[in-house]
Amino acid sequence: MATVPRRVRATAAAMDLLRRLRGQHGPLMLHQSGGCCDGSAPMCYPAGEFVVGDRDVLLGLLDLRLRADELPTTEPEPDDCAPVWISGPQFAAWQHTQLILDVVPGRGSGFSLESPEGFRFLSRGRVFDNPELVALAGIEPVTGAGWERGERPAASSEAQVVAEAADACPVPGRSL
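An account of the accompanying structure is given in this report. (Residues numbered from 1 in each chain as written. Predicted model: local features only at pLDDT ≥ 70, side-chain atom pairs only at ≥ 80, totals over all residues. Heavy atoms only, no water.)

## Observations regarding the overall build of the protein chain
- The number of helices and strands found in the protein chain is five helices and nine strands.
- Going residue by residue from the N terminus, the α and β elements of the protein chain occur as β-α-β-β-β-β-α-β-β-α-β-α-β-α.
- Taken over C-alpha atoms, the radius of gyration comes to 15 Å for the protein chain, in line with the 16 Å a tight globule of 176 residues would show.
- When each of the 176 residues of the protein chain is scored for burial, the buried share is 44%.
- Across the protein chain, every contact between residues at least 6 apart in sequence was considered, and the portion connecting residues at least 24 apart equals 71%.
- A total of about 9,200 Å² of accessible surface is found on the protein chain, and carbon and sulfur atoms cover 53% of it. (Helix = DSSP H or I, 4+ residues; strand = E, 2+ residues; numbered from the N terminus. Rg over C-alpha atoms; globule rule 2.2 N^0.38 Å. Buried < 20%, exposed > 50% of the residue type's maximum accessible area, 1.4 Å probe, protein only. Contact = heavy atoms within 4.5 Å. Areas by Shrake-Rupley, 256 points an atom, 1.4 Å probe, with all protein chains shown as cover.)

## Quick look at the sheet that holds strand 6 (residues 97–105)
- As summarised here, the arrangement of the four strands in space is 7-6-1-9, forming an open sheet in which the pairing is mixed. Two strands bound the open sheet, and with one partner strand each, they are strand 7 (119–127) and strand 9 (161–162).
- Sheet topology places strand 1 (residues 8–11) next to strand 9; two bridges connect them, and they run parallel. Residue pairing across strands places T11 opposite V162, the latter belonging to strand 9. (Pairing = 2+ DSSP bridges.)

## Regarding the packing of aromatic side chains
- This model, assessed by the stated rule, comprises two aromatic pairs.
- Ring geometry for Y45 and F50: centres 5.2 Å apart, planes at 25°, overall stacked.
- According to the relative accessible area criterion, Y45 is buried, its value standing at 13%.
- For the ring pair W85 and W147, a centre distance of 5.8 Å and an interplane angle of 85° mean the geometry is edge-to-face. Here W85 is found in strand 5 (residues 81–86), whereas its partner W147 is found in helix 4 (residues 144–148), with 62 residues between them in sequence. (Phe/Tyr/Trp six-rings, centres within 6.5 Å; stacked < 30°, edge-to-face > 60°.)

Structure below.
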């Protein structure tokens, strides 16, 4: 059976910014916006500041201890993880896509913690290939209601952090 792919990965730069924000604001969470205010940008909040709905879907837990291509050797403490959520309807439309959290220069939304830092989070996407879709088909995603019941996402042996976005979602026709 194919390795279960992660539904969310992050670039090294995004993880660096998340670690800096955690140092300033404490534990974090992210929500992939569904189109209000700042378009479809990922929004970063102090943990618990955004109300997760029962039907929101957990894309994954970003382990802030990890660097590019590292795999965890121990379970992270809860404060070392930044859950990444998406609304249920948006997940239904994008469930075939791996989200890569990246960061670019610029000013994001006033609601997201990185706004005053001179950077903004950006979602990039890569369509899962057929073996990955098969591996994901038998795994029910964790919803907000499931999270409250103690459900957690399936483990993956795929590295969570990539050096650059192109490492996870190469641009067709462009050689690296």
